[in-house]
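# Structural features, examined
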Amino acid sequence: MIKDLWLVANLAIFTELWKLRNKSYFDNMVVQWLSFKGRVYQVIHDNSIRMKGHMHNTLEELRILNYFKVRHRSCKTSTPIEISWTPPNQDEIMICCDGASFGNPGQAGSGVVFRDASSEVLGVLCVGLGWQTNFYAEVCAIIYGAIMAKRWNLRSICILSDSKSCIQAFQKDELPWKLMQKWKIAKSFYINVRYIHSYREMQHKRVGAKKEKLAAYRRVEELKRERNLGNMQRSKEKILGIKSRYFEVLSSIKEVLGCQKRGGRVWGAV
């Protein structure tokens, strides 16, 4: 709200000062700064009704609003939510999944952390997906996590993800058609599949794994570009070398032969 008030005050001072300048220059009116100040206050007060911001309920903000006689607004408050993490049940493996992309779509990657009933980390999975959307990366994290979790031979799986839309897509079987068959094959191994939605504040190691994979993938792409540029440069240098060698050989042949064309016949110079 202070930002809106600052913009209105600047606009009011600029317009009223320009009007006062015109009246003083063209109408020869005497400048009265007290009336100018009162008009500026009135313009700010009239336009403050259109402000839609919220107050932060600080002493500095209240002092500014009272100075310009602007009506107080409601404070924007946030309700704290208790966040807890519980380990999976016995004979159950938990996969903590997350996916992201640099842009939507963009270079995407997925990260998965596998945990057992004693909260021990069994393994970490990092997958680079190329140019995909963020939703696609979230779905791939769950599917690839379920595929890799088969190695522990547990028929119950608990899927933990911070994407509510992704969990709803799995519950309603509304996945991208490219991944539907993979999920059916992975799901057929498990007897019980349980979904848990978590907040972003609960992301720990899977975020690091995801960022590590994205960073590694980006580095690989940079190395590929550097290698391609190096190959192009070497090819260019090789072509220039062959071309220069060709002209050197051609000039040497001309010097050796010293041929001259006379009357349609070629004679060697003596």
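In case you missed it, the structure is sitting above this.
Report follows, based on the coordinates. (Residues numbered from 1 in each chain as written. Predicted model: local features only at pLDDT ≥ 70, side-chain atom pairs only at ≥ 80, totals over all residues. Heavy atoms only, no water.)

### A few points about a nonpolar patch on the surface
This is how the line gets drawn: Nonpolar side chains (Val, Leu, Ile, Met, Phe, Trp, Tyr) within 5 Å and like charges within 9 Å form the patches, drawn only from residues with over 30% relative accessible area and no salt bridge. Working definition of accessibility: Shrake-Rupley area with a 1.4 Å probe, residue cover restricted to the visible protein chains. Basic side-chain nitrogens of Lys or Arg form a salt bridge, by our definition, when they fall within 4 Å of a carboxyl oxygen of Asp or Glu. For the purposes of this entry, the term helix denotes a DSSP run of H or I that reaches at least four residues, the term strand denotes a run of E that reaches at least two, and both are numbered from the N terminus. Working definition: with a 1.4 Å probe on protein chains only, accessible area under 20% of the residue-type maximum means buried, over 50% means exposed, and in between means partly exposed.
Together, Leu-17, Val-31 and Trp-33 make up an exposed nonpolar region whose accessible area comes to about 300 Å². Structurally, the position occupied by Trp-33 is in helix H2 (residues 33-47). Given the relative accessible area of 55%, Trp-33 is considered exposed.

### Focus: the sheet that holds strand E2 (residues 106-115)
Stated formally: A pair of strands counts as paired when DSSP detects no fewer than two bridges linking them. All axes are obtained by fitting lines to C-alpha atoms, using only the stretch in contact for helices, and the reported angles, taken between N-to-C directions, cover 0 to 180 degrees. Contacts were defined at the residue level, with two residues in contact if any of their heavy atoms lie within 4.5 Å.
Taken in spatial order, the 5 strands make up an open sheet running E3-E2-E1-E4-E5, and their pairing is mixed. Either end of the sheet is taken by a strand with one partner, and the two such strands are strand E3 (121-132) and strand E5 (192-197). If you compare each strand with its neighbour and ignore which way they point, the axes differ by 20° on average. Of the strand pairs in this sheet, strand E1 (residues 93-102) and strand E4 (residues 156-161) are connected by 5 bridges, and their pairing is parallel. Each bridged residue has a counterpart across the sheet, and for Met-94 the counterpart in E4 is Cys-158. Packing against the sheet, helix H4 (residues 134-148) makes contact with E1, E2, E3 and E4, and its axis sits at approximately 150° to E1. Sitting on the sheet, helix H5 (residues 164-171) touches E4 and E5, and the angle it makes with E5 is about 155°.

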